[in-house]
Amino acid sequence: MELESSEILLSLSDCIHIAKDLFSSITIPDSQVKTVMKQLESVIKHMGEVLNSIKPSSEEHFHYAVQSLVKDVDSFSFDSFETIVQKEYDLYAINDIESSTDDEPEPEPETTHVIYNIEPLYETFFCPLTNKIMNDPVTIETGVTYERIAITEWFEKFGNPADIICPKTGVKINSTIFNRNIALLETIKQWEVRNEQANIKAAKAVLSLASSKPKILEVIHNLQTLCRTKPYNVVEIRSVGVIPLLATILNHEDRDLTVGTLELLTQLTQNDDEDEGKVHYCNRLYIEVIATAVDLSLIIQNLASEVEHLKHSALLLLVELSKSSYFCDQIGSVTGGILMLITLKYRQPVDAFASEKVDEILKNLERSPNNIKIMAENGHWQPLLHHFIEGNEEMKMEMGSYLGEIFLGQDDEIKGYVVETVSPVLIQMVFHGNSLARNVAFKALKQISSHPENATILVKSGIASNMFNEMLKRTIYNEPMNSKAEAAAILANILESGSVQLSDLQTDHKMSLNYVVYTMIKRVRNSTADDVNTNFVRILLCLMKFPKTQEIIVSVVKEGDACTNLVELLNNPNEELQVVSIVFSIALSPFFGNILAEKLCKTRGQPQALLKDLPETTAPTEKQAVSVKFLAKLPHENLSLNLALFNAVPLILRKLDQVQRSGMRMSKYGSAYLEGLVGILVRFTSTLYEHQFLVLATTFSFTTVFTELLMNTFSDEIQKLSANGLENLSSKTVTLSKPPPQIKKPKLKKFKKFNRLIEFYLQKCFSFDSRYIKIIPPSLCPVHKGVCSSQETFCLVEAHAVEKLLTCFDHTNIQVVEAALSAICTLLDERVDLDASVSILIQNKAIQHVLNVIKAHKNESLRQKAFWILEKLLKEGDVNSTSEISQDRFLRATLINVLHYGNGDIRLMAEKILRHLS
């Protein structure tokens, strides 16, 4: 046995040396290349035969032979053969591709093959039973090598072991034991490696030359096959520079190319050792190549495709990429990337596969806190809530800070779920956390409470009493934040929502509402310009909406003379504090209107500062809007304030015109600003008993101004105020209307007899006092029986305001209708000519307008005025007007109902109308 093994080794050694000599002769001319190749093939074939001749029992020599063969074969370098082999076997010949043009069709069947062999296939590589290259060659007793599975199945065909024969030689086999042919296995593997490496290089060449679609597709498919065959091929493909070439193909519009490229990239990014959870890429260099070459936005864009295969391919690639912490951040940074994933997750109809892969991707992306934030911003809150509730302290703090930054969106159901989930935890952080945790919790609660629809949920969580306690009782020294200001802001947000009842504001049993109000007003009286003060005023303003707390506030303000402090806050440099102070003063004006007005007039720079001039191109601000509203809401009869504002009328009229012409009224505070300006003008009509205000109204033609504003239907308040102004002005018309001038008859000294004849003739023909000639001017007002004008006497008839006021009777706003009714009532005063006034009203269809008011509104005050006008029309009108009124069936039923259930005055009016109708 020893001699046989030595001979085998020597034979192997001789074969290797011969092969090396033949390899060294590669420099011979091309004409002898084929001869050398045949000789080299013969040597390698003989080496295979020698390997097959090794006996199974020679384990040590077998091992030595294998190691020697592998070592010597590894010393060969077949790279030098590449050029030669390419000419005969490389079907990706670069020269052929480069020389091809559009006019010359590519060679057909030969150029379409992708896999080529760098060297010929040897017979010894094939199993005699399967005729396929062996994956696990084993040698049996006869020395012939087979595929392990194939020879095992062959042996099993024989029922009697004594009958087993060698498939190739036909010789009976005494033993079914076989040995693995490691030498041949290693030779086959080396051959495959060289072949696959050559194919990878050739594939790169095809991709780099931007070949035709069929070639590129075939290359991609075969690279996929190589990746599936051996994991090492993945490393080889990555290292040769294929990735950048594939990245360029992603820009291609062809769907098949895109799908193939995405699938290949997925294979190249898959983890080499998934079981151990190792990094999914060979090294950082490969990560950098992917990051540099591949445009992630192109991959994400494919998620919107209607082609299912394309969409799924993109998802599979993103699943693999998202497993890397580096790409986790990169995917999140793509604009709209996470939004598209979330949209795909909830898209209808549901794509089960896509939904599953999106979940995987989003789960992987959660490793980046910034991605969690982006998910929440796009409506996918579950990751943030999970990490906020279940995460460690650091993660909880970060998620909490995001809650203080993110807008909760428009979906009430989602907002409700988020608030219900986080509120208890945030409240716990406020009362049991450190300063940093408290700061995060306060900011988050402040953001959440800024949405009115969240108020009810927050109140149910018990936040109100906690915030009251934080504001008024709890003190933490050396805390970096102003927790009292934060608590006050949260409580103010909740109260401003309008969805909270007083019963919901359960305070500590040791803190009564009186104590809460007193403490806050006392703090406000300090006039300090800080956030606590501002939010305290906001809270007090909201508490004014509840009768119980309103009574307490009014009482405390009255006792402490807080009006002085409120007016002083109007000059505070903090604009937010100014605004809330003004709004709070407006709320107090029904109780302390005259006091506030007097205090305002005695304050430096006021009230002129509240009428700060409006820039030409800038829309009104909130401060400007509430300032003019404050001046308009203070008692109109307050002479001191009206005198202080006397010189501001030109400015007010200019601003009115400016805002209306520029379209600023459509801005956020434009309408409120206009309403305030009109309200200030109306207040001057309440003190017309002062001559200077009478002159003011005539100089600036207030009647015309209010008549024009009456038809500005964009604001009910402006229409109401304009009608109020016209009512005040019209009530003065009777006293201002001048009697017609009387002109003395001229005496003619000459022709006395002729003059007497003329006088006698005139007396016979006309009845008039001979001493005077009464001239009735054409502008004589039929209602007031004097000389009237819209500017001088504020006559509604001359101002053509009657028809416009009657039009307001059909308004849906009760206050507008009532103001218009009051203005029309001034034309039916006992001091005017009722016949003429009723005639004018009937001509303008006043009857129908009044009947419409009675039908549309059940307000008693409104009906009382309508009945009063109707009674005047019946009393002074003609038969036609009576007939028109009596034909209205609804009116009769209404009158009977009022007669039975109305109060004294309105019932008396109903009785009078029914009497007229009867």
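What you see is a predicted model, and the numbers here were worked out from it, not measured in a lab.

Chemist: Kindly report on the overall build of the protein, identifying the contributing residues and their values.
Modeler: Across its full length, the protein holds 47 helices and 5 strands. The burial tally for the protein puts 47% of its 918 residues in the buried class. Considering only contacts in the protein between residues 6 or more positions apart, those separated by 24 or more positions represent 71%. For the protein, the computed accessible surface area is about 46,300 Å², with 52% contributed by carbon and sulfur atoms.

Chemist: Could you give an account of the environment of Ser 324, with specific residues and numbers?
Modeler: Structurally, Ser 324 is set in the loop between α14 (308-322) and α15 (325-333). We classify Ser 324 as buried; its relative accessible area is 8%. Once the C-alpha coordinates of Ser 324 and Asn 364 are considered, the two residues, 40 residues apart in sequence, prove to be 8.3 Å apart. Reaching out from Ser 324, the side chain makes a polar contact with the backbone nitrogen of Tyr 326 at a distance of 3.2 Å.

Chemist: So what's going on with the packing of aromatic side chains? Residues and values would help.
Modeler: Counted under the stated rule, the structure contains 8 aromatic pairs. When the centroid spacing of 5.6 Å and the interplanar angle of 70° are considered together, the rings of Phe 646 and Phe 693 count as edge-to-face. Highlighted residues: Phe 646 in the loop between α32 (639-644) and α33 (649-662) and Phe 693 in helix α35 (residues 691-699), separated in sequence by 47 residues. In textbook terms, an aromatic cluster arises when at least three aromatic residues are bridged by ring pairs, as seen for Tyr 122, Phe 125 and Trp 191.

Chemist: Lay out the pattern of salt bridges in plain terms, naming residues and giving numbers.
Modeler: Where side chains of opposite charge bring their charged atoms close, a pairing between them can arise. Inspection of the entire model under this criterion finds 23 salt bridges. With a shortest N-O distance of 3.3 Å, Lys 230 and Glu 192 are connected by a salt bridge. You can see Lys 230 sitting in the loop between α8 (213-229) and α9 (231-239) and its partner Glu 192 sitting in helix α7 (residues 182-208), a full 38 residues away along the chain. Under the relative-accessibility criterion, Glu 192 is labelled buried at 18%. When the shortest N-O distance is used, the salt bridge between Lys 230 and Glu 196 registers 3.8 Å.

Chemist: Lay out the environment of Thr 176 in plain terms, naming residues and giving numbers.
Modeler: Residue placement: Thr 176 occurs in the loop between α6 (148-156) and β3 (179-180). Accessibility expressed as a relative area gives 39% for Thr 176, which makes it partly exposed. Along the backbone, Thr 176 and Thr 152 are 24 residues apart, and their C-alpha atoms lie at a distance of 8.8 Å. Contacts of Thr 176, omitting those with residues within four sequence positions, involve Phe 155 and Ile 164.

Chemist: Quick one: what's the story with the sheet that holds strand β2 (residues 145-147), residue by residue and with numbers?
Modeler: One open sheet accounts for 3 strands, arranged β2-β1-β3; its pairing is antiparallel. Both outer strands of the open sheet, β2 and β3, are each paired with one neighbouring strand and no more. Where strand β1 (residues 137-139) lies against β2, 3 bridges are found, and the strand directions are antiparallel. Within β2, the residue paired with Thr 139 across the bridge is Thr 145. Sheet strands touched by α6: β1, β2 and β3. Its angle to β2, the strand with the most contacts, is close to 95°.

Chemist: Describe the packing of α7 against α9, and please don't skip the residues or the numbers.
Modeler: Where α7 meets α9, the axes come as close as 10 Å, and the angle between the chain directions of the two elements is 35°. Read as a crossing pair, α7 and α9 show a hand that is right-handed. Contacts between α7 and α9 involve Glu 196, Gln 197 and Ile 200 from the former and Asn 233, Glu 236 and Ile 237 from the latter. The residue makeup of the contact of α7 with α9, split by class, is 2 nonpolar, 2 polar and 2 charged.

Chemist: Run through the side chain of Ser 483, naming residues and quoting values.
Modeler: Topologically, Ser 483 is positioned in helix α25 (residues 483-496). Among the residues examined, Ser 483 registers a relative accessible area of 8% and is labelled buried. Those residues in contact with Ser 483 that lie beyond four places of it in its chain are Arg 438, Phe 442 and Glu 470.

Chemist: Tell me what's going on with the nonpolar core, and back it up with residues and numbers.
Modeler: The biggest cluster of nonpolar side chains holds 181 residues, and the ones touching the most others in it are Leu 384, Ile 539 and Ile 553. Considering every element that reaches this core, the biggest residue donor is helix α30 (residues 575-601), with 11 residues. In this structure Ile 553 touches Val 517, Ile 521, Leu 540, Leu 543, Met 544, Phe 584 and Leu 588, once residues within four positions along its chain are discounted. Core analysis: the second largest hydrophobic core is formed by 56 residues, Val 206, Ile 243, Ile 249 and Leu 296 among them.

Chemist: Requested: an account of helix α17 (residues 352-365), with residues and values cited.
Modeler: With 14 residues, α17 extends 20 Å between its outermost C-alpha atoms, agreeing within 8% with the 20 Å of an ideal straight helix rising 1.5 Å per residue. Where the residues of α17 are buried, they touch α14, α15, α16 (337-346) and α18 (369-377). By the N-cap criterion, in which a side-chain oxygen at the helix start approaches the backbone nitrogen of a residue two or three places on, α17 is capped by Asp 351, the distance to Phe 353 being 3.3 Å.

Chemist: Explain the side chain of Thr 894 to me, and be specific about the residues and the numbers.
Modeler: Within the secondary structure, Thr 894 sits in helix α46 (residues 889-901). When its relative accessible area of 6% is taken as the criterion, Thr 894 is described as buried. Those residues within four positions of Thr 894 in sequence are excluded, and the remaining contacts are Ile 854, Arg 863 and Phe 867.

Chemist: Which residues make up the confidence of the model for the protein, and what values go with them?
Modeler: Model confidence for the protein is summarised by a mean pLDDT of 81, while 79% of its residues fall at 70 or above. Note on residues 56-117: pLDDT is under 50 here. Beyond four places in sequence and across chains, it has 88 contacts. For residues 766-777, every residue scores under 50 in pLDDT, and the model assigns this stretch 20 contacts once sequence neighbours within four places are set aside.

Chemist: Explain the environment of Leu 721 to me, using residue names and the numbers behind them.
Modeler: Along the chain, the position of Leu 721 falls in helix α37 (residues 716-730). Considered as a pair, Leu 721 and Leu 709 are 12 residues apart in the sequence and their alpha carbons are 9.1 Å apart. In this structure, Leu 721 is in contact with Glu 675, Val 678, Gly 679 and Val 682, ignoring residues within four places of it in sequence.

Chemist: How would you sum up the packing of α8 against helix α11 (residues 255-269)? Please name residues and give values.
Modeler: Axis separation between α8 and α11 bottoms out at 10 Å; the angle between their running directions is 20°. On the basis of the axis angle, α8 is roughly parallel to α11. Pair α8 / α11 crosses with left-handed handedness. Contact with α8, carried on its side by Lys 213, Ile 216, Leu 217, Ile 220, Leu 223, Gln 224, Cys 227 and Arg 228, involves Asp 256, Leu 257, Gly 260, Thr 261, Glu 263, Leu 264, Gln 267 and Leu 268 of α11 and no other residues of that element.

Chemist: Lay out unusual backbone geometry in plain terms, naming residues and giving numbers.
Modeler: Most peptide bonds take the trans form, and the phi angle of most residues other than glycine is negative. At the junction of Gln 606 and Pro 607, the peptide bond is cis and its omega measures out at 0° in the coordinates. Residue position: Pro 607 is located in the loop between α30 and α31 (622-633). You will see that Phe 794, though not glycine, has its phi angle at about 65°, which is positive. When you line up the elements, Phe 794 lands in the loop between β5 (772-774) and α40 (802-807). For Phe 794, a relative accessible area of 0% corresponds to the buried category.

Chemist: An account of α30 is requested, with residue identities and associated values reported.
Modeler: Across its 27 residues, α30 extends only 20 Å between first and last C-alpha, which sits more than 12% below the 39 Å expected from 1.5 Å per residue. Where α30 bends most, at Phe 592, the angle is about 110°. Among the residues of α30, the N-terminal cap falls to Asn 574, whose side-chain oxygen and the backbone nitrogen of Glu 576 are separated by 3.0 Å.

Each value, and the rule that gives it
Residues numbered from 1 in each chain as written. Predicted model: local features only at pLDDT ≥ 70, side-chain atom pairs only at ≥ 80, totals over all residues. Heavy atoms only, no water. Helix = DSSP H or I, 4+ residues; strand = E, 2+ residues; numbered from the N terminus. Buried < 20%, exposed > 50% of the residue type's maximum accessible area, 1.4 Å probe, protein only. Contact = heavy atoms within 4.5 Å. Areas by Shrake-Rupley, 256 points an atom, 1.4 Å probe, with all protein chains shown as cover. Polar contact = N/O pair within 3.5 Å; in protein donor to acceptor, adjacent residues only side chain to side chain. Phe/Tyr/Trp six-rings, centres within 6.5 Å; stacked < 30°, edge-to-face > 60°. Salt bridge = Lys/Arg side-chain N within 4 Å of Asp/Glu carboxyl O. Pairing = 2+ DSSP bridges. Axes fitted to C-alpha atoms, helices over the stretch in contact; angles between N-to-C directions. Left-handed = near helix turned anticlockwise from the far one by under 90°. Nonpolar A, V, L, I, M, F, W, Y, C, P; charged D, E, K, R; others polar. Core = buried A, V, L, I, M, F, W, Y, C linked by side-chain atoms within 4.5 Å. Expected span 1.5 Å × (residues − 1). pLDDT = per-residue confidence, 0-100. Parallel < 35°, antiparallel > 145°, perpendicular 65-115°, else oblique. Bend = angle between axes of the 7 residues up to and from the residue.

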